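# Chains, contacts and geometry: an overview
So you can see what is in the structure, the chains are spelled out below.
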Amino acid sequence: MVYDFQSLKIKYNEYSNIYQKIDSECKKGTLIRIKRGLYTDDLFNDKELIANVCYNPSYISFEYALSFYGIIPEYVSVYTSAVYGKKNNKMYRMTDVTFDYRSIPDDVFPKGIVIMKNSNNISYKIASKEKALCDLLYSKYPVRSISDLKILLFEDLRIDEDEIKKMDTDFILEIAPLYHSNSLNTLMKFLKKEL
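Residues numbered from 1 in each chain as written. Predicted model: local features only at pLDDT ≥ 70, side-chain atom pairs only at ≥ 80, totals over all residues. Heavy atoms only, no water.

## Digging into helix α3 (residues 43-53)
Burial analysis of α3 places eight of its 11 residues in the buried class, the great majority of the element. Those residues of α3 that sit buried are Leu43, Asp46, Lys47, Glu48, Leu49, Ile50, Ala51 and Asn52. (Buried < 20%, exposed > 50% of the residue type's maximum accessible area, 1.4 Å probe, protein only. Helix = DSSP H or I, 4+ residues; strand = E, 2+ residues; numbered from the N terminus.)

Structure follows, in structure tokens:
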């Protein structure tokens, strides 16, 4: 479970010194400090939820989401998330876990978000596979030709071409212009020409 300071005040209301109780629980390892004012008692099962609440507003995307859907073959240990309205990218490192946040354009942020449930049946937000692909291409060095895009997709990221064919291309063609990105313009040309 993820707690902010207010929920811990309720949980530990019988203690006269809440700060001391929180510090004691953190030292025992029964409570883990994520960042100032944010804690968890189950880091293993709360990682996706932590990714959503650690830097708001956000949803899981980029490499982590593509790995989650089996689009890229590698296991991704960094929880990559998309944010908007932020000037800088942000990273939080904890024992064995890293949360990485990257900005995307405001207009595209609310589109293509899926609600999933973790092992504790708590909801978290993750990009659809189409949105995760667009977010990732936006965050990469710009590609301007279809041949360079193919190298990026099929050699560097090792995405199976059949996985691209299974995606909702109409959705990609709808949101890609909102990124104002050469890479996404190239993806649109590729989808129109080759699929």
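More follows now that the structure is in view.
## Here's the deal with unusual backbone geometry
Each neighbour pair has its own omega, and for Asn56 with Pro57 the value is -15°, a cis peptide bond. By the secondary structure assignment, Pro57 is in the loop between α3 and β4 (58-60). Residues other than glycine seldom take positive phi values, yet Arg158 does so here, at roughly 55°. Of note, Arg158 is situated in the loop between α6 (146-156) and α7 (161-166). In this structure, His180 takes a positive phi of about 55° despite not being glycine.

## Let's talk about the pairing of strand β9 (residues 123-127)
By the bridge criterion, five bridges tie strand β8 (residues 113-117) to β9 in an arrangement that is antiparallel. Bridged to Lys117 within β9 is Ser123. (Pairing = 2+ DSSP bridges.)

## Comments concerning the packing of aromatic side chains
Summed over the entire model, instances satisfying the criterion amount to 12 aromatic pairs. A ring pair is formed by Tyr55 and Tyr101, whose centres lie 5.3 Å apart and whose planes are at 65°; its orientation type is edge-to-face. On the criterion of sequence distance, the pair formed by Tyr55 in the loop between α3 and β4 and Tyr101 in strand β7 (residues 97-103) is long-range, its members being 46 residues apart. The pair formed by Tyr55 and Tyr101 is uniform in burial state, with each residue classed as buried. Aromatic pair Phe68 and Tyr69: ring centres 5.2 Å apart, planes at 80°, arrangement edge-to-face. The class of Tyr69 is partly exposed, set by a relative accessible area of 25%. Members of the aromatic cluster, connected to one another through ring pairs, are Tyr55, Tyr92 and Tyr101. The cationic tip of Lys86 hangs over the ring face of Tyr55; the distance from NZ or CZ to the ring centre is 4.8 Å. Its guanidinium or amino end placed over the ring of Phe62, Arg102 lies 4.6 Å from that ring's centre, counting from NZ or CZ. (Phe/Tyr/Trp six-rings, centres within 6.5 Å; stacked < 30°, edge-to-face > 60°. Lys NZ or Arg CZ within 6 Å of the ring centre and 35° of its normal.)

## A word on the state of the cysteines
By definition, a disulfide links the sulfur atoms of two cysteines through a covalent bond. Applying the stated criterion across every chain, the model contains zero disulfides. Here Cys54 stays free of any disulfide, with the sulfur of Cys26 as its closest cysteine sulfur at 14 Å. Cys54 sits in the buried class, given a relative accessible area of 1%. (Disulfide = S-S within 2.5 Å.)

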